[in-house]
Each structure stands twice: as structure tokens, then as C-alpha cells.
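# Descriptive analysis of the structure
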Amino acid sequence: VLKTMIMMVKYFLKVRWNLSLTIRLIYLCLFLLLFSKANSESYVKAGESLIWDSENKSYTANGDVEFKNDRFIAFADKMIANYIEENNEEIFTIIELYENVVIEFEEETFKGNYAIYTREDNIIKLTGNVSIESPSRILTGNELIADIDNNKRILNSANEESLVEVLLENNANN
């Protein structure tokens, strides 16, 4: 009888321990899910000033500006960001970046003097001394239209007399 009781206690503790471990794993998964959701939210940062215009639903940021959404991160000297409100959240719809624009998207870096991003069509358009840098190539031109959803890039020159340049690494696969 004592042996049976000891076995029952061991079984109970083992089941309880497994249940406790399962609950801990569920909590950990929920925490990670919520943390990743929080990290994917959009934000605007500025080194000098950040002006919120609630009437026009926009932000104007100056000095070491940083913008992040779930697709890319962007840096510039100045930014104007328009938003809409959905479910008590600000959803950025149009982002304009001015001077020393750098946009990091996956393995590419886009640079230019001015950029505009529209959430509706998920397109980034850069103008003025534009470049695209990726691990295997550098492209330069005057205008870049980057269609994020369809993974297309259109690089244009300033006029018929200017060029679009492409520099490829020797070991590039493409």
C-alpha cells in the first residue's frame, strides 16, 4: 500500500510538473507574440523637434529623423508623416522624407534627396542623387520607384543625356 501511495504521489507530481511547464511555455509564447507585435508598430523619432498636428493628423519631425514601420526603416533630416486613426491607433499613410534620405528595406539600402512613401500602394519614390545598394550591386540614377509588394524597382536617369549606372561585384550570381 505504501509503495502504491508513493507511486501515486510521484505520478501526481510528475503530471503537475508537466502541466506547470506547459503553462509556462504558453505564457512565454504569449509574451513573445505580444513583444513582436509591439516591436512591429510604426514610430517616428526626431533629434531636434517633433510637432504633432492633431487637426491635420500629421507629424513634422526635424533633425536626425527616424521612421519605422513593419516593412522598412527610414532616416532623414526632416519628415512629414500623415496618418489616419483605426481602432485607436495611428496608421501612417503618407511619409515624406527630406534631405539625406536613407531607407533600409530587407537587404537593400535606398538613398536620395527626397522620398515619399504611400501605404495605399506600398510604393517608395525617391528623387535626386538616388542609389540602391544591395550585397551584390550598386545602382545610381535620378529617380527610383520601389514597388515593395511586387518586388520591382524602376531606376530613371535625370534626362536623355544622363545615365543610370550599375556596378556589379565580380562574384555576383545575377
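Residues numbered from 1 in each chain as written. Predicted model: local features only at pLDDT ≥ 70, side-chain atom pairs only at ≥ 80, totals over all residues. Heavy atoms only, no water.

## Some remarks on the overall build of the chain
Within the chain, the regular secondary structure consists of 1 helix and 10 strands. Reading the chain from its N terminus to its C terminus gives the helix and strand order α-β-β-β-β-β-β-β-β-β-β. Among the 174 residues that make up the chain, the fraction classed as buried is 26%. Within the chain, contacts between residues separated by at least 24 positions form 32% of all contacts whose residues are at least 6 apart in sequence. (Helix = DSSP H or I, 4+ residues; strand = E, 2+ residues; numbered from the N terminus. Buried < 20%, exposed > 50% of the residue type's maximum accessible area, 1.4 Å probe, protein only. Contact = heavy atoms within 4.5 Å.)

## Observations regarding the environment of Thr-127
Relative to the helices and strands, Thr-127 is located in strand S7 (residues 123-134). Residue classification places Thr-127 among the partly exposed residues on the basis of a relative accessible area of 26%. In this structure the C-alpha to C-alpha distance between Thr-127 and Ile-116, which are 11 residues apart in sequence, comes to 9.1 Å. Among all residues touching Thr-127, those that are not within four sequence positions of it are Gly-112, Asn-113, Tyr-114, Asn-142 and Glu-143.

## Notes on the nonpolar core
For soluble globular proteins, the rule of thumb is that nonpolar side chains tend to be buried together. With 29 residues, the main nonpolar core has Met-79, Leu-97, Ile-103, Phe-110, Ile-124 and Leu-126 as its most contacted residues. Listing elements by their share of this core, those giving two or more residues are strand S3 (58-68), strand S4 (73-86), strand S5 (89-105), strand S6 (108-118), S7 and strand S8 (137-147). Considering every element that reaches this core, the biggest residue donor is S5, with 6 residues. Ignoring sequence-local partners within four residues, the contact set of Ile-103 consists of Phe-72, Ile-73, Ala-74, Leu-97, Glu-108, Thr-109, Phe-110, Ala-115, Ile-124 and Leu-126. (Core = buried A, V, L, I, M, F, W, Y, C linked by side-chain atoms within 4.5 Å.)

## Concerning the confidence of the model for the chain
Parts of the model with low pLDDT should not have their predicted coordinates read in detail. Considering every residue of the chain, the mean pLDDT works out to 80; 71% of them sit at 70 or more. Of all helices and strands in the chain, the one with the weakest mean pLDDT is strand S10 (residues 165-168) (48), whereas S6 scores best (96). Counting interchain partners and residues more than four positions distant, the pLDDT-below-50 stretch residues 35-40 has 4 contacts. (pLDDT = per-residue confidence, 0-100.)

## Some thoughts on the pattern of salt bridges
Under the criterion given, the structure shown has 4 salt bridges. Notably, a salt bridge pairs Arg-153 with Glu-108, separated by 2.7 Å at the nearest N-O pair. Highlighted residues: Arg-153 in strand S9 (residues 152-156) and Glu-108 in strand S6, separated in sequence by 45 residues. With a relative accessible area of 23%, Arg-153 lands in the partly exposed category. A residue is classified by how much of its surface remains accessible, and Glu-108, at 18% relative accessible area, is buried. (Salt bridge = Lys/Arg side-chain N within 4 Å of Asp/Glu carboxyl O.)

## Points about the packing of aromatic side chains
We describe a pair of aromatic rings using the distance from one ring centre to the other and the angle between the two ring planes. If you walk through the whole model with that rule in mind, you get 7 aromatic pairs. Taken together, a centroid distance of 5.9 Å and an interplanar angle of 55 degrees make the contact between Phe-67 and Phe-72 tilted. For the pair formed by Phe-67 and Phe-72, the shared burial category is buried. Plain terms: the ring middles of Phe-72 and Tyr-117 are 4.9 Å apart, the flat faces sit at 75 degrees to each other, and that makes the pair edge-to-face. With Phe-72 in the loop between S3 and S4 and Tyr-117 in strand S6, this pair connects stretches of sequence that are 45 residues apart. For the pair shown, Phe-72 and Tyr-117 are each scored as buried. Here the aromatic cluster, defined as three or more aromatic residues joined through ring pairs, consists of Tyr-59, Phe-67, Phe-72, Tyr-83, Phe-92 and Tyr-117. Across from the ring centre of Tyr-98, 5.6 Å away, lies the NZ or CZ of Lys-78, which sits over that ring. (Phe/Tyr/Trp six-rings, centres within 6.5 Å; stacked < 30°, edge-to-face > 60°. Lys NZ or Arg CZ within 6 Å of the ring centre and 35° of its normal.)

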